[in-house]
Amino acid sequence: MIEIRDPTAADEVAWRCLWNGYLSFYETMVPEEVTAETWRRILDPKSGIFARLAVRKNKVVGFAIAMLHPGTWSATPVCYLEDLFVAHNVRGHGAGRALIEDLIAQGREQGWRKVYWQTRADNAAARRLYDSFAAADGFVRYTVELR
């Protein structure tokens, strides 16, 4: 059984452990001050960034970090699911699906236009899950790093 809930300050250590696993999966590093600021924003209801945690057997096993923003093709907000991660040892038990379903349910309740996300093209395991929600839209992402 997977419970999805809002994070609390007491979840920071568990979240950081998962966050480090997420960064390791993507073979990247984020400076400590950015990680600390991300956690601060997650807990600040005014920041625009929010998170949901997946809990299994009283242990935080996954997270979704998202943000609502206005869009030019809709009068209602859209939700960008920026980060989704589930601990390796509990994958396949429904935590990732539950996190996405939770965002979709919130969006329906709150009148969002859509929930969208992206992943690497070679992330086959995640894409099997994502394909069960929607077909990939065929867009190609371009990124210009400014810092």
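Above this text sits the structure in question.
Reference entry: report on the structure contained in this document. Owing to the predicted nature of the structure, the values given are computational and were not obtained by experimental measurement.

Comments concerning the environment of Gly138
Item 1. Here Gly138 shows up in the segment after helix 4 (124-131).
Item 2. The spacing of Gly138 and Asn123 is 15 residues in sequence and 15 Å in space, taken between C-alpha atoms.

Points about the sheet that holds strand 2 (residues 49-56)
Item 1. In spatial order, the strands read 1-2-3-4-5; together these five strands make up an open sheet with mixed pairing. With one partner strand each, in any of the chains shown, strand 1 (3-5) and strand 5 (114-117) form the two edges of the open sheet. Taking the axes of each pair of neighbouring strands and ignoring which way they run, one obtains an average angle of 30° across the sheet.
Item 2. Pairing analysis gives nine bridges linking strand 3 (residues 59-71) to strand 4 (residues 74-86), with the strands arranged antiparallel. Of the residues in strand 4, the one forming a bridge with Ala66 is Leu81.
Item 3. Across the sheet, helix 3 (residues 95-110) touches strand 1, strand 2, strand 3, strand 4 and strand 5, and the angle it forms with strand 4 is around 165°.

Details of the side chain of Asp83
Item 1. Here Asp83 shows up in strand 4.
Item 2. Polar contacts involving the side chain of Asp83 include one to the side chain of Tyr22, which spans 2.7 Å.
Item 3. Sequence-distant contacts of Asp83, that is, excluding residues within four places in its chain, are made with Trp19, Tyr22, Phe63, Ala64 and Ile65.

As for the environment of Asp102
Item 1. Assignment of secondary structure puts Asp102 in helix 3.
Item 2. The contacts of Asp102, once residues within four sequence positions are left out, are Ile4 and Arg52.
Item 3. Within polar-contact distance, the side chain of Asp102 engages the side chain of Arg52 at 2.7 Å.

Looking at the nonpolar core
Item 1. Of all hydrophobic cores here, the largest spans 36 residues; its most connected members are Trp15, Phe63, Ile65 and Leu103.
Item 2. Contributions of two or more residues to this core are made by helix 1 (12-25), helix 2 (32-43), strand 2, strand 3, strand 4, helix 3 and helix 4.
Item 3. Setting aside residues up to four positions removed in sequence, Trp15 forms contacts with Thr35, Thr38, Trp39, Ile42, Leu53, Phe63 and Ile65.

Points about the pattern of salt bridges
Item 1. The tally for this structure, following the rule as stated, stands at nine salt bridges.
Item 2. Between Glu37 and Arg40 there is a salt bridge whose closest N-O contact spans 2.7 Å. In this pair, Glu37 and Arg40 both sit in helix 2, three residues apart, roughly one turn of the helix.
Item 3. Take Glu37: its relative accessible area is 27%, and that puts it in the partly exposed class.
Item 4. The exposure class of Arg40 is partly exposed, given its relative accessible area of 41%.
Item 5. Salt bridges sharing partners connect three or more residues here, namely Glu37, Arg40, Arg41 and Asp44.

Reading guide: rules and limits
Residues numbered from 1 in each chain as written. Predicted model: local features only at pLDDT ≥ 70, side-chain atom pairs only at ≥ 80, totals over all residues. Heavy atoms only, no water. Helix = DSSP H or I, 4+ residues; strand = E, 2+ residues; numbered from the N terminus. Pairing = 2+ DSSP bridges. Axes fitted to C-alpha atoms, helices over the stretch in contact; angles between N-to-C directions. Contact = heavy atoms within 4.5 Å. Polar contact = N/O pair within 3.5 Å; in protein donor to acceptor, adjacent residues only side chain to side chain. Core = buried A, V, L, I, M, F, W, Y, C linked by side-chain atoms within 4.5 Å. Buried < 20%, exposed > 50% of the residue type's maximum accessible area, 1.4 Å probe, protein only. Salt bridge = Lys/Arg side-chain N within 4 Å of Asp/Glu carboxyl O.

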